[in-house]
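Listed below, chain by chain, are the residues.
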Amino acid sequence: MFQKILIANRGEIALRVLRACKELGIQTVVVHSTADADAMHVRLADESVCIGPPPSRDSYLNIHQIVAACEITGADAVHPGYGFLSENAKFADILAAHNITFIGPSGDHIRIMGDKIEAKRTAKRLGIPVVPGSDGAVTEEKEARRIAAEIGYPVIIKASAGGGGRGMKVARSEADLVVALQTARSEAGAAFGDDAVYIEKYLEKPRHIEVQVFGDGAGRGVHFGERDCSLQRRHQKVWEEAPSPALNAEERAHIGGVCARAIADLGYSGAGTIEFLYENGEFYFIEMNTRLQVEHPVTEAITGIDLVHEQIRVASGGGLSMRQEEIRFQGHAIECRINAEDPRTFTPSPGTITHFHTPGGLGIRVDSGVYSGYRIPPYYDSLIGKLIVHGRNRVECMMRLRRALDEFVVDGIKTTLPLFRDLVGNADIANGEYDIHWLEKYLAEED
Ligand code: ADP
């Protein structure tokens, strides 16, 4: 097992990883920018190293500074959290070259999944169902027309190097296609420095369902069921739940089994999430994230398993602590992402939190790095905390969530709490009837 882990992140996820390390008796080092000197993860860590000024590129994304912090403190492993360097293959390779363990998959697996065309090809080879579309990059107009006619309109053109929902264009007819192809390519070139694009069938009303997987790097793979993350705004997840209200036990076991086998065959090591669009009973792979996800606590709530413990254990060579048959699903969990944003316009609302009171009681978990008197720096994302609620079934979970939202107090800044208070009383949400467009339509109607 590791003696000392360096946490290369900030905010709630840095605290989340720190808690797991403390439980395992592992020493902790955190790195931070000058803007985060007061942060909770800095206060609670055994050691901290200031690695630079506020902008992420000079601090949390500065590989040299982070490697130097490992050398100075003698850390033998790095947990990257999510975002920042968590899916940076070069970072994983550099750590390996310095004999520091990256708590995550190999640089090669990160690289494959970071290229969407390569990822889709790999998924298909591993027996994962994919969205019908082009086999690889498409450059010629003629070829694009042929593929679109074959799969049928509407189609979506996506950037191979894309991320965060950027670089996608929908074409509803052949007339749209030429313009969409050109715009997608020039946007992809400008945003990612790579203008490779590919074509897929555009699904009209899918749900976003993702499967949590784990590999031991030596040919074993397990799945931890799915999360439904269909409630999104601008392709950003807002509310996540497990299990999905749309799946039955048979579908769950089927898609979970397919994913676990794929992970085993790939020789993948650590935590991963295989994302699908789900429509009319069919799953369509869209991408794989090679890291821990923001929404991992809903899976922890229904399985009772600490996924960060598991990541550390696998990375240290201890293998997976359980077999598939030992992973059981109990009850229902929902996570609300609480952002420092206006609940209607979603403009960021940094500032000082004058009063912060979190709900408690059975089945409530709040993962947050903020406190009364904390000043939210304007440099980073606006997530200030996650409320995760667990109940014996979805009805109980919703009752408890409504109560917890009532108890939650954040004064001094605007937050998205009022949005969740509205959602929890909505009939479609109560019935679990929503697709990936539901939230945007709801917000447009409210205006
Ligand atoms: P990114 O990496 O940029 O987030 P994804 O491939 O994960 O890109 O897609 C982001 C979102 O775009 C999906 O959650 C979904 O809302 C939409 N999307 C992607 N592919 C399709 C498709 N074939 N049909 C309909 N919507 C899609």
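Treat the numbers as computed from the prediction; the structure is a model and nothing was measured.

According to the domain assignment, the chain contains domain 1 (4–103), domain 2 (132–201) and domain 3 (207–446). For domain 2 and domain 3, the distance between their C-alpha centres works out to 30 Å. Listed by partner, the interface residues are five residues for domain 2 and four residues for domain 3. For the pair domain 2 and domain 3, the two sides together bury roughly 300 Å², of which 56% comes from carbon and sulfur. Connecting domain 2 to domain 3 are zero salt bridges. On the surface where domain 2 and domain 3 come into contact, there are zero residue pairs in polar contact (both at pLDDT 80 or more). Looking at the side of domain 2 that touches domain 3 residue by residue, the classes come out as two nonpolar, two polar and one charged.

Okay, the side chain of glutamate 341 next. When you line up the elements, glutamate 341 lands in the loop between strand S14 (332–339) and strand S15 (351–352). Buried and without a salt bridge, glutamate 341 has arginine 233 as its closest oppositely charged side chain, separated by 5.4 Å. Residues contacting glutamate 341, with those up to four places away along its chain left out, are Phe346, Thr347, Pro348, Ser349, Ser382, Lys414, Thr415 and Thr416.

Quick look at the side chain of glutamate 210 now. In this structure, glutamate 210 sits in strand S9 (residues 207–216). A polar side-chain atom of glutamate 210 sits 3.1 Å from a polar atom in the side chain of histidine 208. A distance of 2.8 Å separates a polar atom in the side chain of glutamate 210 from a polar atom in the side chain of arginine 227. Once residues within four sequence positions are removed from consideration, glutamate 210 is found in contact with Gly225, Glu226, Arg227, Cys229, Lys237, Thr273, Ile274, Glu275, Phe276, Gln293 and Glu295.

Here we come to the nonpolar core. The biggest cluster of nonpolar side chains holds 37 residues, and the ones touching the most others in it are Trp239, Leu387, Leu401 and Leu423. The dominant element in this core, judged by the number of residues it contributes, is helix H12 (residues 394–407), at five residues. Apart from residues no more than four positions distant in its own chain, leucine 423 is found in contact with Trp239, Ile429, Trp438, Leu439 and Tyr442. One finds Ile7, Val42, Phe214 and Ile312 within the second-largest nonpolar core, a separate group that totals 33 residues.

The full set close to the ligand counts 21 residues, and Lys116, Lys158, Gly165, Lys201 and Leu203 are the nearest of them. Between the ligand and glutamate 200, the relevant distance is 3.0 Å, taken from a nitrogen atom to a side-chain nitrogen or oxygen of the residue. One of the side-chain nitrogen or oxygen atoms of glutamate 287 is found 3.0 Å away from an oxygen atom of the ligand. In the complex, the protein chains occlude 94% of the 550 Å² of accessible area that the ligand would expose alone.

Per the counting criterion, the structure on display carries zero disulfides. Left unpaired, cysteine 259 is separated from the closest cysteine sulfur, that of cysteine 229, by 14 Å.

Under the definition given, this model contains eleven aromatic pairs. Taking 5.1 Å as the distance between ring centres and 25° as the angle between the ring planes, the aromatic pair formed by tyrosine 60 and phenylalanine 84 counts as stacked. Taken together, the positions of tyrosine 60 in the loop between strand S3 (47–52) and helix H3 (63–73) and phenylalanine 84 in the loop between strand S4 (77–79) and helix H4 (89–97) put the pair 24 residues apart, joining distant regions of the chain. Residue class for tyrosine 60 comes out buried when judged on its relative accessible area of 0%. Where phenylalanine 356 meets phenylalanine 408, the ring centres are 5.8 Å apart and the plane angle is 70°; that geometry is what we call edge-to-face. Pair noted here: phenylalanine 356 is in strand S16 (residues 355–357) and phenylalanine 408 is in the loop between H12 and strand S20 (409–411), with a separation of 52 residues, a long-range link. The burial state of phenylalanine 356 is the same as that of phenylalanine 408; both residues are buried. Joined through ring pairs, the aromatic side chains of Tyr60, Phe84, Tyr379 and Tyr380 make up one cluster. The ring of tyrosine 434 is capped by arginine 207, whose NZ or CZ atom sits 4.5 Å from the centre of that ring.

Buried residues of H4: Ala89, Phe91, Ala92 and Leu95, and no others. Buried residues of H4, seen end-on, are gathered within an arc of 165° and therefore sit on one face of the element. Opposite its buried face, H4 presents the exposed residues Lys90 and Ala97, each directed more than 90 degrees away. Capping the start of H4, asparagine 88 holds a side-chain oxygen 3.1 Å from the backbone nitrogen of lysine 90, two or three residues further along.

So, on to the pairing of strand S19 (residues 383–391). Among the nine residues in S19, eight count as buried, and that is most of the element. Looking at chain direction, S14 and S19 are connected through eight bridges and run antiparallel. Paired with arginine 337 across the bridge in S19 is lysine 386. Relative to S19, strand S17 (residues 364–367) is paired through four bridges, and the arrangement is antiparallel. Each bridged residue has a counterpart across the sheet, and for aspartate 367 the counterpart in S19 is lysine 386.

With that out of the way, let us pick up the packing of H4 against helix H5 (residues 107–114). When two helices pack together, their arrangement is given by the angle between their axes and by how far apart the axes lie. Viewed as axis vectors pointing N to C, H4 and H5 meet at an angle of 175°, and their least axial separation amounts to 8 Å. Taken together, the axis directions place H4 and H5 in an arrangement best described as roughly antiparallel. Only Gly107, Ile110 and Arg111 of H5 make contact with H4, whose side of the interface consists of Ala89, Lys90, Ala92 and Asp93. Considered class by class, the residues forming the contact of H4 with H5 number three nonpolar, one polar and three charged.

Quick look at unusual backbone geometry now. Residues apart from glycine generally show negative phi values, whereas peptide bonds are mostly found in trans. Of note, the amide linkage connecting tyrosine 153 to proline 154 takes the cis form, showing an omega dihedral of -5°. Relative to the assigned elements, proline 154 resides in the loop between helix H7 (141–151) and strand S6 (155–159). Here the phi dihedral of histidine 235 falls at roughly 65°; this positive angle occurs in a residue that is not glycine. On the secondary structure map, histidine 235 appears in the loop between strand S10 (221–233) and strand S11 (236–242). With phi around 45°, asparagine 280 is a residue other than glycine that occupies positive phi space. Assessed through its relative accessible area of 74%, asparagine 280 is described here as exposed.

Conventions used here
Residues numbered from 1 in each chain as written. Predicted model: local features only at pLDDT ≥ 70, side-chain atom pairs only at ≥ 80, totals over all residues. Heavy atoms only, no water. Domains from an automatic or database assignment. Contact = heavy atoms within 4.5 Å. Buried area = accessible area lost by both parts, 1.4 Å probe. Salt bridge = Lys/Arg side-chain N within 4 Å of Asp/Glu carboxyl O. Polar contact = N/O pair within 3.5 Å; in protein donor to acceptor, adjacent residues only side chain to side chain. Nonpolar A, V, L, I, M, F, W, Y, C, P; charged D, E, K, R; others polar. Helix = DSSP H or I, 4+ residues; strand = E, 2+ residues; numbered from the N terminus. Buried < 20%, exposed > 50% of the residue type's maximum accessible area, 1.4 Å probe, protein only. Lys, Arg positive; Asp, Glu negative; His and termini not counted. Core = buried A, V, L, I, M, F, W, Y, C linked by side-chain atoms within 4.5 Å. Near = heavy atom within 4 Å. Areas by Shrake-Rupley, 256 points an atom, 1.4 Å probe, with all protein chains shown as cover. Disulfide = S-S within 2.5 Å. Phe/Tyr/Trp six-rings, centres within 6.5 Å; stacked < 30°, edge-to-face > 60°. Lys NZ or Arg CZ within 6 Å of the ring centre and 35° of its normal. Arc of directions from axis to C-beta. Pairing = 2+ DSSP bridges. Axes fitted to C-alpha atoms, helices over the stretch in contact; angles between N-to-C directions. Parallel < 35°, antiparallel > 145°, perpendicular 65-115°, else oblique.

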